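# Topology and contacts: notes
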Amino acid sequence: MTLKDLSYFPGCSLATTAKENNASLKSFLAHFDITVSEIDDWNCCGSSSTHSVNKKLALSLAARNLFLAPPDKPLLIACPGCYLRLSHAKMELNDSKEKAKEYEDHFKKPFHKDIQLLHFFELLVKMNGKGLLKGLGGRLKGLKIAPYYGCMLARPPKMNKQKNHYGLIEKTMAALGGDPVQWPFLSTCCGTFLSVSKPGISEKLVNRIMQGAIKSGAECIVTACAMCHLNLEIRCRPENRLPVFHFSEVLSLALEKNASKNWFKRHLINPEPLMEKRQLILCRAPIKGE
Amino acid sequence: MDTIEIIETSGDFAKQVEKLSHANLNRCWHCLACSGGCPFAEDMDFLPNVIIRMIQFGLKEKVLKSSTIWLCVGCNTCSMECPNAVDMAAIMDSLRQMAILEHYLIAEPGILSFHNSVINSIFRHGRTHKLEIMMKYKIAEKDLFSDFNLGLKMLAKKKLDLLPSKVKDKKGIKSLFNLSGGIS
């Protein structure tokens, strides 16, 4: 598999509320000459709400993206929620000839059952395997990081044979010179949409997570999920504030002049004092639109 | 824990749930691993494994009117804990859909209303527009002020876009809704 040319599914969060996640991911990949091209006219993966109340609609929305993606390129999916929805749809279509036929008739196109869906973690493992991340250590210099996965690596029993990447944030951060802490809340769900419809529940979970990170001695939390990032920032009480970075932002910060200052201005919990303290402010000038 | 009285039972409820969710309820040992791992268990009226037991006893009305089925966000933490690979999240999805289709009283109407706001946004734009979802949800719930300051802060930080990110092929999106039974 070539890593240089990937098709790309950003998902709604990265296209809107988490633009800094999108930009930092692309900036990091560009450093290694990996280009990503967005699937033309992609739609929402269906998100939690659709499969919660209408399973068929969840499959239909995810399927449209699978049919739109070029079959000959790996499809990089930046958001772990979208990754799960699209992989689930791929599995459903592969498990049932009738379903695959129904959607082939609907989209008037063949379904490519082998289309490769690539989790960002998987890509990182492959990049590391090719030795691309060697020699990058240093810039994070002992930065104490609480790696946070939330529910992003959990999946239904039917998919439990697929690779899991617990420990990847820790491994990568340590390789880049950071110091990942041990803490108990790394895979506690942030509450996802309950943040809007049951903010009390979300607030309780988020503050438990943030307090746990503070008690573990972490200076910041690193998450690979845009939804978790948003929830931790918006439902955190002032006394439990700790900067939260997108995984892609920290990866970009580990490279010389790869990060843009503008990403960090979009954070609700200002990470700049920590970045100054840790001399991580050697950012490049922002590109238009960042 | 409270005792649940079995007064009226629906004999084929377990079969219905198994058919919809493709989960095997009989594999559950009631070891409580799912309930112990569930981050939302303390706010639920029945623990996840208790829901399975209630389904087995045919307590359809109690299950479909419970808040548990709505507080489950489908994070799959239970699936990671379960030693017998019972697909609890799929069971919860199926229970919510049964509650809607069979017009049971919804224990957490705010959560359903949020889901509908999201689905509406996808119907209109093909993608989710967070500002619109929040506004419509808040208006539907007559709760305009609880997150007002947060909303302003998010707008100031450009976290909320005023205009949606849109799919060009609107017809294509509408046809998916037609294929899938539309909005509940």
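Residues numbered from 1 in each chain as written. Chains lettered and ligands numbered in written order. Predicted model: local features only at pLDDT ≥ 70, side-chain atom pairs only at ≥ 80, totals over all residues. Heavy atoms only, no water.

### A word on the overall build of chain A
Under the convention used in this document: Counting from the N terminus, the helices are the DSSP runs of H or I reaching at least four residues and the strands are the DSSP runs of E reaching at least two. Note on method: radius of gyration uses C-alpha positions; expected globular size equals 2.2 Å times residues raised to 0.38. For each residue, the accessible area found with a 1.4 Å probe, counting protein chains only, is set against the maximum for its type, and the residue is called buried under 20%, exposed over 50%, and partly exposed in between. Contact between two residues is taken to exist if any of their heavy atoms lie within 4.5 Å; hydrogens are not considered.
The helix and strand tally for chain A stands at 14 helices and eight strands. Since a compact globule built from 290 residues should have a radius of gyration of about 19 Å, the 19 Å found for chain A is in line with a globular shape. Dimensions along the principal axes, computed over C-alpha positions, put chain A at roughly 60 × 45 × 35 Å. Counting the 290 residues in chain A, one finds 62% classified as buried. Restricting the contact set of chain A to residue pairs at least 6 apart, pairs at least 24 apart contribute 75%.

### Looking at the domain arrangement of chain A
Residue and element names in this part refer to chain A. To keep it simple, the criterion reads: Where each domain begins and ends follows an automated or database-derived domain assignment. Here the quantity called buried area is the total loss of accessible area, with a 1.4 Å probe, experienced by two parts when brought into contact, counted for both. Salt bridges are identified by distance alone: a Lys or Arg side-chain nitrogen within 4 Å of an Asp or Glu carboxyl oxygen. Residues adjacent in sequence count toward polar contacts only when both atoms are side-chain atoms; beyond that, a polar contact is any pair of N or O atoms within 3.5 Å, and within protein one must be able to donate a hydrogen and the other to accept it.
Under the domain assignment used here, chain A contains domain 1 (5-121) and domain 2 (136-277). Distance from the C-alpha centre of domain 1 to the C-alpha centre of domain 2: 24 Å. At the junction of the two partners, domain 1 supplies 25 residues and domain 2 supplies 30 residues. Here domain 1 meets domain 2 over a buried area of about 2,300 Å², counting both sides, of which 70% is carbon and sulfur. Our enumeration of links across domain 1 and domain 2 arrives at one salt bridge. Note that R266 is salt-bridged to E20, the shortest N-O span being 2.8 Å. Where domain 1 meets domain 2, there are eight residue pairs in polar contact (both at pLDDT 80 or more). Counting only elements with at least two residues in the side of domain 1 that touches domain 2, the list comes to α1 (11-15), α2 (19-31), α5 (80-95) and α7 (120-129).

### Here's the deal with the interface of chain A and chain B
One frequent convention defines the size of an interface as the accessible area lost when the parts assemble. Test applied: Each residue gets one label: Ala, Val, Leu, Ile, Met, Phe, Trp, Tyr, Cys and Pro are nonpolar, Asp, Glu, Lys and Arg are charged, and the others, such as Gly, are polar.
Each side of the interface is counted separately: chain A has 62 residues, and chain B has 61 residues. Buried area between chain A and chain B, summed over both chains or domains, comes out near 5,300 Å², and the portion from carbon and sulfur atoms is 60%. Inspection of the region where chain A meets chain B yields nine salt bridges. The shortest N-O distance in the salt bridge between A:K198 and B:E108 comes to 2.9 Å. At the surface where chain A touches chain B, the tally comes to 28 residue pairs in polar contact (both at pLDDT 80 or more). Sorting the residues of the side of chain A that touches chain B by element identifies α1, α2, α3 (47-53), α4 (55-68), α6 (97-107), α9 (194-197), α10 (199-215) and α11 (226-234) of chain A as the ones contributing at least two each. For the side of chain A that touches chain B, the residue count by class is 25 nonpolar, 20 polar and 17 charged.

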